[in-house]
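Given next are the chains, with one letter for each unit.
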Amino acid sequence: MNQVLELTPGQYDLVYNSFSLTIAAMGASLLFFILVRNRVHPAHQMAVTISTVVVAIALYHYLRIFSSWSDAFAYVDGTYVQDGRPFNEGYRYVDWLFTVPLLLAELVIVLKLAKSTTRSLIIRLGVAAAAMIALGYPGELAAPDSGTRTLFGILSTIPFLYILYVLFVELGRSLGRQSAGVRKIIDGLRFLLLATWGAYPLAYIAPSVIDNAATAEVVRQVGYSMADILAKPVFGLFILAIALIKSQDEADRSTDDRQGEPEVA
């Protein structure tokens, strides 16, 4: 959305600080996931590794977003004014194009389902996620009151609904072999996805329902940033919790197997 904006210092700083907070969250979670990865059983480390990659990708892109936002505005007579250099919204969509399929893949991988089921879910969820992001981008660039924005918003919602169907219906059928603790976390994780991913469409439509362009831009950027924190670092913590529970289950089974072995005279 490349239009000239005039922001008050409070509006500009709110977006600036939300980007700064997101960078800190991605950086801290990156370090944390690296440090705790070896506490997870090797059979479940891949999911934690993907969480690490997700926040690393997001950290890089938010550094670029932060820089682009700073470069796009000049402080003139008490307001921040776009000085001809557009804010690059593409960084955010490139980030999502990589990270959203990975987020869905790590959820499937940590469950350790049958190989055929895992492959099928990852492929279908990955394709749907890429379609959702690719279809949303043209609408993001369109004018707030244009039919193009509405059209691509509707089109991107179709794969979004399919992803929710897979997570809540198809994936639900595969949870019977999971422990009670894992099922409880997965239930929370799916509702976290529903809540956070529901925030993205609200931020997307902000320019269409808020008359003041500056206010709409602030709502959109802050909304996207807060949703990214929940959808990446917080999501990764849920994945880590599942991996740790499964790691403890592996350790308990190993202990039981050793105790069941006959003693050698």
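As shown above, the structure is provided for reference.
In this text the structure is predicted, and so the values were computed from the model without any measurement.

**Q** If you had to explain the pairing of strand β2 (residues 73-76) to someone new, which residues and values would you point to?
**A** As judged from the four bridges shared by β2 and strand β3 (residues 79-82), these two strands associate in the antiparallel manner. By the bridge assignment for β3, Y75 is matched with Y80. Once β2 ends, the chain turns through two residues before running back antiparallel as β3, passing D77 with a positive phi of about 50 degrees.

**Q** Describe the pattern of salt bridges, naming the residues involved and giving the relevant values.
**A** In the structure shown here, the tally under the stated rule is 10 salt bridges. Between R220 and E217 there is a salt bridge whose closest N-O contact spans 2.8 Å. Pair noted here: R220 and E217 are both in helix α7 (residues 213-260), with a separation of three residues, about one helical turn. Looking at E217, the relative accessible area reads 3%, which means it is buried. In this structure, the salt-bridge partner of D228 is K232, at a minimum N-O distance of 3.4 Å. Of this pair, D228 and K232 both sit in helix α7, four residues apart, which is roughly one turn of the helix.

**Q** Tell me what's going on with the sheet that holds strand β1 (residues 6-7), and back it up with residues and numbers.
**A** Taking strand neighbours across the sheet as the criterion, the three strands line up as β1-β3-β2 in an open arrangement whose pairing is antiparallel. Every interior strand has two partners, whereas the edge strands, β1 and β2, have only one. Where β1 and β3 come together, two bridges link them in antiparallel fashion. Counterpart to L7 in the pairing with β3 is Y80. Sheet contacts for helix α2 (residues 45-72): β1, β2 and β3; angle to β2, the most-contacted strand, approximately 40 degrees.

**Q** Lay out the packing of helix α4 (residues 115-141) against helix α5 (residues 147-170) in plain terms, naming residues and giving numbers.
**A** Closest axis-to-axis distance for the α4/α5 pair is 7 Å, and the angle between their directions is 160 degrees. On the basis of their axis angle, the class for α4 and α5 is roughly antiparallel. The way α4 lies across α5 gives a crossing that is left-handed. Contact residues: L121, R124, L125, A128, A129, A131, M132, L135, G136, P138, G139 and E140 in α4; T148, R149, F152, L155, S156, P159, F160, Y162, I163, V166, L167 and E170 in α5. When grouped by side-chain class, the residues that make up the contact of α4 with α5 number 16 nonpolar, four polar and four charged.

**Q** Which residues make up helix α3 (residues 90-111), and what values do they have?
**A** Counted at 1.5 Å a residue, the expected span for α3 with its 22 residues is 32 Å, and the 33 Å between its end C-alpha atoms agrees. Considering bend angle alone, the principal kink of α3 is centred on W96 and spans about 30 degrees. Most of α3 is tucked away: 17 of the 22 residues are buried. Immediately beyond the C-terminal end of α3, within one or two residues, lies K112, with a positive phi of roughly 55 degrees.

Here is what the cut-offs are and how they apply
- Residue positions are counted from 1 within each chain, in the order its sequence is given.
- pLDDT decides what is reported in this predicted model: residues at 70 or higher carry local features, side-chain atom pairs at 80 or more are listed and counted, and totals for whole chains, interfaces and linings draw on all residues regardless.
- Derived side-chain values reflect all non-hydrogen atoms in the structure, with water molecules and hydrogen atoms excluded from consideration.
- The criterion for strand pairing is that DSSP finds at least two bridges linking the strands in question.
- Helix and strand labels come from DSSP, where a helix needs a run of H or I of at least four residues and a strand needs a run of E of at least two; each type is numbered from the N terminus.
- Just to be clear on terms, a salt bridge is a Lys or Arg side-chain nitrogen sitting within 4 Å of an Asp or Glu carboxyl oxygen.
- Throughout, exposure labels follow a simple rule: accessible area from a 1.4 Å probe, protein chains only, divided by the maximum for the residue type, with under 20% read as buried, over 50% as exposed, and the rest as partly exposed.
- We call two residues in contact when some of their heavy atoms are within 4.5 Å.
- Between N-to-C directions, angles cover 0 to 180 degrees, with each direction set by a line fitted to C-alpha atoms, over the stretch in contact for helices.
- Angles below 35 degrees are treated as roughly parallel, those above 145 as roughly antiparallel, those between 65 and 115 as roughly perpendicular, and all remaining angles as oblique.
- If you view the pair so one helix is near and one far, a crossing is left-handed when the near helix is turned anticlockwise from the far one by less than a right angle, and right-handed when it is turned clockwise.
- In this classification, Asp, Glu, Lys and Arg are treated as charged, Ala, Val, Leu, Ile, Met, Phe, Trp, Tyr, Cys and Pro as nonpolar, and every other residue, Gly included, as polar.
- The length a helix should cover is 1.5 Å for every residue beyond the first.
- Across the chain, bend at a residue is computed as the angle between axes fitted to the seven residues ending at that point and the seven starting from it.

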